[in-house]
Amino acid sequence: MNDEFYIGWQDKSPPGIGKTVRRAVLLLLALAVLVPLMLAGAQRLIGRSVFEWGNRKMFSGILQITPYPHLLVRRPGQAGEQAKLSTYYLVAPWKFGLDREKLAPFAGEAVQLEGTLIYRGDQTMIEVQPDSVRKNSGTNAAVTAAFPVEPLGRQTLTGEIVDSKCFLGVMNPGQLTPHRACAIRCISGGIPPVLLVRQQNGPPLYFLLVSATGQPVNRQVLDLVAEPVEITGDVERQDGLLILRAAPATYRRL
């Protein structure tokens, strides 16, 4: 019988046992490296979102307050009434939206304002400094005279309701159950709610949520924030902005 036997106080283990131990140690070291890498690779990427905190800039454009305050800005190199425009959501500091009644005198007017840029992909937002909005005679308000609204028909969409401010850059990740409490506070404070639709073979889509008549729905959607939902409604495009019109009572939790 040639079975090897090792006693712990011996200086050196028998060749067969030593070889087995070395293989086991190498295997465990390899697993210690590969398993975390595999787990990390299986996680959903949170995406690149930016909040240029501390970097205030001046912005000029046309102020709109319906359904939520937003700024229409002529893209560089564009001119005339048919110029392409970029849409910037407008919000107040912290967890609040801008007061539409306070902004009513500026609705449809060329304005200048100071704020901090927030963005994710092609979605942009400005955190506006309080009382910085003022009329700007240097901007041509006529560019929005015939701002096109393109109906895209009635659609059924599945996604997650997120608060646009945190999701676009102020928090990362600003989505799913861990962010639910914060998202509810933001949306209840007036931050525009957005339906985030993740596509299998394409970039995510963002739909600004409004009622069937085009009014804000902040208070009506709080119970469904950060949960998978299905919404059937009329979709329209205003340049780069997708809007979903549907009565919140018809939203379906999945």
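Please read all numbers here as calculations on a predicted model, not as lab measurements.

Rules used throughout
Residues numbered from 1 in each chain as written. Predicted model: local features only at pLDDT ≥ 70, side-chain atom pairs only at ≥ 80, totals over all residues. Heavy atoms only, no water. Helix = DSSP H or I, 4+ residues; strand = E, 2+ residues; numbered from the N terminus. Buried < 20%, exposed > 50% of the residue type's maximum accessible area, 1.4 Å probe, protein only. Contact = heavy atoms within 4.5 Å. Areas by Shrake-Rupley, 256 points an atom, 1.4 Å probe, with all protein chains shown as cover. Arc of directions from axis to C-beta. 1 Å grid on protein atoms, 1.4 Å probe; cavity = no way out; pocket = protein on both sides within 12 Å on 5 of 7 lines; lining within 4 Å. Points joined across faces, edges and corners; volume = space filled by probe spheres on them. Nonpolar A, V, L, I, M, F, W, Y, C, P; charged D, E, K, R; others polar. Polar contact = N/O pair within 3.5 Å; in protein donor to acceptor, adjacent residues only side chain to side chain. Salt bridge = Lys/Arg side-chain N within 4 Å of Asp/Glu carboxyl O.

### A closer look at the overall build of the chain
Part 1 of the argument: Looking only at helices and strands, the chain has four helices and twelve strands in total.
Part 2 of the argument: Counting the 254 residues in the chain, one finds 41% classified as buried.
Part 3 of the argument: Residue pairs in contact within the chain that sit at least 24 positions apart in sequence constitute 71% of those at least 6 positions apart.
Part 4 of the argument: Accessible surface, the chain as shown: approximately 14600 Å² in total, 56% of it carbon and sulfur.

### Some details on helix α4 (residues 180–188)
An α-helical segment advances 3.6 residues per turn. Residues three or four places apart therefore align on the same side.
Part 1 of the argument: Those residues of α4 that sit buried are C182, A183, C186 and I187. End-on view of α4: buried residues confined to an arc of 125°, all on one side of the axis. Along α4, exposed side chains directed more than 90 degrees from the buried face belong to A181 and R185.
Part 2 of the argument: Immediately downstream of α4, the backbone of G190 shows phi near 110°, a positive value.

### Some words on the layout of surface pockets
Part 1 of the argument: Volume-wise, the largest pocket comes out at about 420 Å³.
Part 2 of the argument: Looking at the largest pocket, it is lined by 18 residues, and the ones nearest its centre are R75, D122, Q123, G240 and L241.
Part 3 of the argument: Among the elements of the structure, β3 (85–91), β5 (123–128), β9 (205–210) and β11 (241–245) are those that each provide at least two residues to the lining of the largest pocket.
Part 4 of the argument: Per-element accounting of the lining of the largest pocket gives the leading share, five residues, to β3.
Part 5 of the argument: Broken down by class, the residue content of the lining of the largest pocket amounts to nine nonpolar, six polar and three charged.
Part 6 of the argument: If you add up the space inside the second largest pocket, you get close to 290 Å³.
Part 7 of the argument: In terms of lining residues, the second largest pocket is bounded by 15 residues, among which F51, W53, P93, W94 and E127 are the most central.
Part 8 of the argument: Secondary structure elements with two or more residues in the lining of the second largest pocket: β1 (49–64) and α3 (164–170).
Part 9 of the argument: In terms of residue count, the dominant contributor to the lining of the second largest pocket is β1 (four residues).
Part 10 of the argument: For the lining of the second largest pocket, the residue count by class is eight nonpolar, three polar and four charged.

### Points about the environment of Q129
Part 1 of the argument: Relative to the elements of secondary structure, Q129 occurs in the loop between β5 and β6 (134–135).
Part 2 of the argument: Classification of Q129 by relative accessible area gives buried; the value is 14%.
Part 3 of the argument: Leaving out residues up to four positions away in the same chain, Q129 has contacts with R56, E114, G115 and T116.
Part 4 of the argument: There is a polar contact of 3.3 Å between the side chain of Q129 and the side chain of R56.

### Details of the pattern of salt bridges
Part 1 of the argument: As enumerated under the stated definition, the model contains ten salt bridges in all.
Part 2 of the argument: In this structure, the salt-bridge partner of K57 is E52, at a minimum N-O distance of 3.3 Å.
Part 3 of the argument: Relative accessible area serves as the criterion here: at 33%, K57 is assigned to the partly exposed category.
Part 4 of the argument: Overall, E52 belongs to the buried group, its relative accessible area being 17%.
Part 5 of the argument: Notably, a salt bridge pairs E127 with K165, separated by 2.8 Å at the nearest N-O pair.

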